[in-house]
Amino acid sequence: MPPIRQVQVTFDCAEPERVARFWCEVLGYVVPPPPEGFESWEEFDRSLPPERQGAAFVCMDPSGVGPRMYFQRVPEGKVVKNRVHLDVRVGTGLVGEERLAVLEAECARLVALGARRERLLRADGVNESCIVMQDVEGNEFCLD
């Protein structure tokens, strides 16, 4: 069996482009070029049947190392906690007050983009501190 070479993370959401652009800002991702034959994603979107317009959006790591992220419109809203979430690793290798300062600074940046801070989980002797947050549609993630 060949090894898995790529992973795509898929989000169910109400507004795919809005959520995708939020995550582009969080992760330094970019929107890929539009499909061949289209000058823009807007032009491509207008070529779709009305029920498919605005139904999906994509962002990707410009270096090609991180996973592609796919955002798809679904009719139902989020009702319970995610069973899978992203850990945004901004404090790797840092401990104590230095780590907290970096986490808090990134938290403030993301709140300005529309994220919501949930709670700070302080270091407990096993795990370092992290901040639990929600994206612009309420999907949980951690600043780690």
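Below, the structure is looked at part by part. Quick caveat, the model's predicted, so the values are computed rather than measured.

1. As for the overall build of the protein
Here is step 1 of the chain: For the protein, the count of helices and strands is 3 helices and 7 strands.
Here is step 2 of the chain: The helix and strand sequence of the protein, counted from the amino end, reads β-α-α-β-β-β-α-β-β-β.
Here is step 3 of the chain: Projecting the C-alpha coordinates of the protein onto the three principal axes gives extents of approximately 55 × 35 × 30 Å.
Here is step 4 of the chain: The buried share of the protein, reckoned over its 144 residues, is 31%.
Here is step 5 of the chain: Of the contacts formed within the protein by residues at least 6 apart in sequence, a portion of 57% connects residues at least 24 apart.
Here is step 6 of the chain: On the protein, roughly 9300 Å² of surface is accessible, and the fraction owed to carbon and sulfur atoms is 54%.
Here is step 7 of the chain: In the protein, which carries 17 positive and 24 negative side-chain charges, the distance between the mean positions of the two groups comes to 4 Å.

2. Observations regarding the side chain of Asp144
Here is step 1 of the chain: Considering the arrangement of structural elements, one finds Asp144 in the segment after β7 (140–143).
Here is step 2 of the chain: The contacts of Asp144, once residues within four sequence positions are left out, are Asp87, Val88, Arg89, Val90, Gly91, Thr92, Arg99, Leu103, Ser129 and Cys130.

3. Focus on the pattern of salt bridges
Here is step 1 of the chain: Here the structure, examined in full by the defined rule, presents 8 salt bridges.
Here is step 2 of the chain: The residue Glu104 makes a salt bridge to Arg117 at a minimum N-O spacing of 2.5 Å. Placement of Glu104 in helix α3 (residues 96–112) and of Arg117 in strand β5 (residues 116–121) is noted, with a sequence separation of 13 residues between them.
Here is step 3 of the chain: The partly exposed category is assigned to Glu104, whose relative accessible area is 31%.
Here is step 4 of the chain: The partner of Glu106 in a salt bridge is Arg109, with the nearest N and O atoms 2.8 Å apart. On the criterion of helical spacing, the pair formed by Glu106 and Arg109 is a turn pair, its members being 3 residues apart in helix α3.
Here is step 5 of the chain: Here Glu106 falls in the buried class, since its relative accessible area comes to 14%.
Here is step 6 of the chain: With a relative accessible area of 33%, Arg109 lands in the partly exposed category.
Here is step 7 of the chain: One continuous salt-bridge network, built from bridges that share partners, spans Arg89, Arg99 and Asp144.

4. Description of the sheet that holds strand β1 (residues 8–13)
Here is step 1 of the chain: If you trace the 3 strands from one edge of the open sheet to the other, you get β1-β3-β2, paired in mixed fashion. In the strand order of this sheet, the two ends are held by β1 and β2 (56–59), each with one partner. The average undirected angle you get between the axes of adjacent strands in this sheet is 20°.
Here is step 2 of the chain: By the bridge criterion, 4 bridges tie β2 to strand β3 (residues 68–73) in an arrangement that is antiparallel. For Val58, the partnering residue across the bridge sits in β3 and is Tyr70.
Here is step 3 of the chain: In the packing of helix α1 (residues 16–27) onto the sheet, contacts are made with β1, β2 and β3, and the angle to β3 comes to roughly 155°.

How each quantity is defined
- Residues numbered from 1 in each chain as written.
- Predicted model: local features only at pLDDT ≥ 70, side-chain atom pairs only at ≥ 80, totals over all residues.
- Heavy atoms only, no water.
- Helix = DSSP H or I, 4+ residues; strand = E, 2+ residues; numbered from the N terminus.
- Buried < 20%, exposed > 50% of the residue type's maximum accessible area, 1.4 Å probe, protein only.
- Contact = heavy atoms within 4.5 Å.
- Areas by Shrake-Rupley, 256 points an atom, 1.4 Å probe, with all protein chains shown as cover.
- Lys, Arg positive; Asp, Glu negative; His and termini not counted.
- Charge placed at Lys NZ, Arg CZ, Asp CG, Glu CD.
- Salt bridge = Lys/Arg side-chain N within 4 Å of Asp/Glu carboxyl O.
- Pairing = 2+ DSSP bridges.
- Axes fitted to C-alpha atoms, helices over the stretch in contact; angles between N-to-C directions.

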